[in-house]
Amino acid sequence: MKLTNTQIQDLASNYKTPMYIYDKAVIEQNINTMKTLCTMQNIKINYATKANSNLHILKLIREHNMKVDCTGYGEYFINKRAGFEQSQIYVVANNLTFEEMKQLTDQNLVISVDSIDQLKLLNEVAPGYQKLMIRVNPTFGAGDNESIVTGGANHKFGIDIEDFEFCLKYIKDNTLKLIGLNNHVGSLNLDYTVMIRAVEELLAIVTEYQLHDLQIINFGGGFGIDYNHETNNKLDLESLKHQLNTIFTNFVSIYPNKEVSLEFEPGRFIVANSAILVGTVTTVKRRGKDIYIGTDLGFSQLVRPVMYNSYHHVEFITNNTMTRNCHVVGNMCESGDYICKDRKLIVPDVGDLVIVYDTGAYGYSMSSNFNNRLRPIELLTADDDVTIIRNRQTLDDLLIGY
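Parameters and conventions
Residues numbered from 1 in each chain as written. Predicted model: local features only at pLDDT ≥ 70, side-chain atom pairs only at ≥ 80, totals over all residues. Heavy atoms only, no water. Helix = DSSP H or I, 4+ residues; strand = E, 2+ residues; numbered from the N terminus. Rg over C-alpha atoms; globule rule 2.2 N^0.38 Å. Contact = heavy atoms within 4.5 Å. Areas by Shrake-Rupley, 256 points an atom, 1.4 Å probe, with all protein chains shown as cover. Lys, Arg positive; Asp, Glu negative; His and termini not counted. Charge placed at Lys NZ, Arg CZ, Asp CG, Glu CD. Buried < 20%, exposed > 50% of the residue type's maximum accessible area, 1.4 Å probe, protein only. Axes fitted to C-alpha atoms, helices over the stretch in contact; angles between N-to-C directions. Parallel < 35°, antiparallel > 145°, perpendicular 65-115°, else oblique. Left-handed = near helix turned anticlockwise from the far one by under 90°. Arc of directions from axis to C-beta. Pairing = 2+ DSSP bridges. Salt bridge = Lys/Arg side-chain N within 4 Å of Asp/Glu carboxyl O. Right-handed = clockwise from strand over helix to strand, strands pointing away. Core = buried A, V, L, I, M, F, W, Y, C linked by side-chain atoms within 4.5 Å.

Visitor: Whenever I open this one, the overall build of the protein chain confuses me. Can you help?
Guide: When you go through the protein chain residue by residue, the secondary structure sums to 11 helices and 17 strands. Whereas a compact globule of 402 residues would reach a radius of gyration of roughly 21 Å, the protein chain reaches 23 Å, a difference of no more than 12%. Seen along its three principal axes, the alpha-carbon backbone of the protein chain occupies a region of about 70 × 50 × 40 Å. Put simply, of all contacts in the protein chain between residues at least 6 apart along the chain, 69% involve residues at least 24 apart. Surface summary for the protein chain: the accessible area is close to 18,200 Å², and the carbon and sulfur share equals 46%. Taking the 37 positively charged and 47 negatively charged side chains of the protein chain as two groups, their mean positions are separated by 3 Å.

Take a look at the structure:
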C-alpha cells in the first residue's frame, strides 16, 4: 500500500473504522507478475475466487482477461455477476451435494471432482458429462500452516493415485469425458522447489497414464507472500520462471495436444498485499508486565491470526515513541481474540489508528457477524480516487433472513 498516514487518517475520519482499504495498482501489478511467470503461450493464469470475492475486485480481474475458479454455486453466481462468461469459470469443488452438483452441471461448466463418490455423483446428476477434471492428491503437501496444507496423507482433498485407474475405467465405462487434471499441495508456499515438484509429479501422471488429449492441466495456486515485513522471506519467482520454462517447453514438445492449457490459479498472491485493515485503539491496559492494546478489530473482521496463528505486520499511527512487548487484541467476547501476541511495538494512545497489513486475501472473505458485529466497509484506492466497493453493514442487515 502506498497511502501515507495522513491519507489513512483522512479516510478513517470520513468513513470510520474498521475499514479495509485496497490499492488497485498493487492488484494490477500482481496480475502482471503472474502473467510473466512463463513465456509460453500455453500458460494461463486463473484467479481463486475464495481469496477475495468482492464484486469490484472480480471485475478488475476480468478486465485483465483472467479466468476464475470457484468452489461452489455461490462463487459461480458472484463470478457471473462480475461479468465472467461460462467458459471463463472453472469449478474446483469439494463434497458437493446433489443439488449443488446439478446446479453447476446445468451451467455446463468445467468441473473438477476429488473423490470417487463425487465422480459417481457427477455421473448420476449428468450422465456422460463432457467437461470433467480429476483432482489428483499429490504424494506430499506443503504450506505455512497444517490447516492450509492440501496434499499428501491426512488431508481431505484429491483422489489418491491408487484409485486413479478405477476412475479412468469408470470414466470410460460411463462415456464421461476427462478433459483435465489438477492438483494443489497447499497454500502460502515460499519455496519454489515445492511448486516445481508438484508440477513434475502431475506431468508424470499425465505421461504414465498416456492421457494424450487433455485440454487442461492445472497445478493449483499456493504462491506465498512475505507477511513478515522484517524477514524479507520471498518466493524466488525468477528461479521458478526459469525452471517452469524448461519443464513446460520439454513437455509440450512431446505432448500430442500442442494446445494444452497449462494453468495456475493464484488467489492470495494477487490480492493479499493490496489491502490494509484499519482500526481504532480503544484501550491500553497494563496488567503486570503485560500490555493489552484493545482495538475495534475483532476476529469477526480478520480471523487469520486466530484460526491459523498467522502473522500480520502491525503498526500504529501515533505520536508516541516508547516501545514495549504488547498483545494487540480485538473486541470479541473470546480470550483467543487477538491480532498479535507479545510483539515489540510502539505503545499507542486510545484513539490512535492501528494498521494491519496484507489483509486482501482471506480477510473480508472469512469475516463474520460473530457477537453481532457489523462487517466493515471496503474501499478501493486508485491514484487520488477512492471508491466504496462494499458498504459497511447496518443493524438492519443483521435481521435479513428472519
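From this point, things continue past the structure.
Visitor: So what exactly am I meant to see when it comes to the side chain of Gln 118 here?
Guide: Its location among the elements puts Gln 118 in helix H6 (residues 116-125). Taking the relative accessible area as the measure of exposure, Gln 118 reaches 8% and is therefore buried. In contact with Gln 118, other than residues within four places in its own chain, are Asn 94, Asn 95, Leu 96, Met 101 and Val 113.

Visitor: Sorry if this is basic, but what is going on with the packing of helix H2 (residues 24-35) against helix H3 (residues 55-63) here?
Guide: Relative placement of two packed helices is described by the angle separating their axes and the distance separating the axes. Relative to each other, H2 and H3 sit at 40 degrees, their axes nearing to 11 Å. Relative to H3, H2 is oriented oblique. Here H2 runs over H3; the crossing is right-handed. Taking contact as the criterion, the partners of Lys 24, Ile 27, Glu 28 and Ile 31 in H2 are, on H3, Ile 57, Leu 60 and Ile 61.

Visitor: Can you help me understand helix H5 (residues 98-106) in this one?
Guide: Since the α-helix turns once every 3.6 residues, residues separated by three or four places project in the same direction. Those residues of H5 not exposed but buried are Met 101, Leu 104 and Thr 105. Projected down its long axis, H5 carries its buried residues within an arc of 95 degrees, all on one side. In H5, those exposed residues whose orientation departs by more than 90 degrees from the buried face are Glu 99 and Asp 106. In the segment just after H5, Asn 108 is the residue with positive phi, at about 55 degrees.

Visitor: When you look at the sheet that holds strand S5 (residues 110-113) in this model, what are you seeing that I'm missing?
Guide: The strands that make up a sheet pair up through hydrogen bonds in the backbone, lying either parallel or antiparallel. The parallel closed barrel is built from 8 strands, whose spatial order is S2-S3-S4-S5-S6-S7-S8-S9. Adjacent strand axes in the sheet meet at a mean angle of 25 degrees, parallel and antiparallel pairs treated alike. Two strands pair when backbone bridges link them, and strand S3 (residues 67-70) and strand S4 (residues 89-92) are joined in this way by 3 bridges, in the parallel orientation. Paired with Val 68 across the bridge in S4 is Ile 89.

Visitor: Would you explain the pattern of salt bridges in this entry?
Guide: Side-chain pairs of opposite charge can arise whenever the charged atoms involved come near each other. Under the definition given, this model contains 5 salt bridges. In this structure, Lys 241 engages Glu 238 in a salt bridge whose closest nitrogen and oxygen atoms are separated by 3.4 Å. Taken together, the residues span about one helical turn, with Lys 241 and Glu 238 both in helix H9 (residues 237-254) at a distance of 3 residues. Of the residues examined, Lys 241 reaches a relative accessible area of 17% and is grouped as buried. Taking relative accessible area as the criterion, Glu 238 reaches 54% and is therefore assigned exposed. Asp 290 is the salt-bridge partner of Lys 289, the closest N and O atoms lying 3.6 Å from each other. The exposure class of Lys 289 is exposed, given its relative accessible area of 75%.

Visitor: Looking at this model, I keep getting lost on the pairing of S3. Mind explaining?
Guide: Two faces, one strand: in a regular strand the side chains alternate between the faces of the sheet. For strand S2 (residues 43-48) and S3, the ladder comprises 3 bridges, and the chain directions are parallel. By the bridge assignment, Tyr 47 is partnered in S3 with Val 68. A crossover connection joins S2 to the parallel S3 through H3; in handedness this β-α-β unit is right-handed. In terms of handedness, the path from S3 via helix H4 (residues 73-81) over to S4 forms a crossover that is right-handed.

Visitor: Help me understand the nonpolar core, please; the structure alone is not making it clear to me.
Guide: Where a protein is soluble and globular, its nonpolar side chains tend to be buried together. Leu 181, Ile 217, Leu 240 and Phe 248 are the most contacted members of the largest nonpolar core, which totals 103 residues. What Leu 181 contacts, discounting residues up to four positions off in sequence, is Met 133, Ile 134, Val 136, Phe 164, Leu 202, Ile 205, Val 206, Leu 211, Leu 214, Ile 216, Ile 217 and Asn 218. Of all hydrophobic cores here, the second largest spans 14 residues; its members include Leu 3, Ala 12, Ile 276 and Ile 355.

Visitor: Any chance you could explain unusual backbone geometry here in plain terms?
Guide: The phi torsion of most residues other than glycine is negative, and most of the peptide bonds are trans. With an omega of 0 degrees, the peptide bond between Thr 17 and Pro 18 qualifies as cis. Structurally, Pro 18 can be placed in the loop between helix H1 (5-15) and strand S1 (19-23). Notably, Asn 65 is not glycine yet its phi reads approximately 60 degrees, a positive angle. Within the element layout of this structure, Asn 65 appears in the loop between H3 and S3. Owing to a relative accessible area of 67%, Asn 65 belongs among the exposed residues under this scheme.

Visitor: Sorry, what's going on with the pairing of strand S6 (residues 132-135) here?
Guide: Along S6, one buried face is formed by Leu 132 and Ile 134 and the opposite face, lined by Met 133 and Arg 135, is buried too. Here S5 pairs with S6 via 3 bridges, running parallel. The residue bridging Ser 112 from the neighbouring strand is Met 133, located in S6. In the classification by handedness, the crossover that spans S5, the intervening H6 and the parallel S6 is right-handed. As judged from the 4 bridges shared by S6 and strand S7 (residues 178-182), these two strands associate in the parallel manner. Of the residues in S7, the one forming a bridge with Ile 134 is Leu 181.

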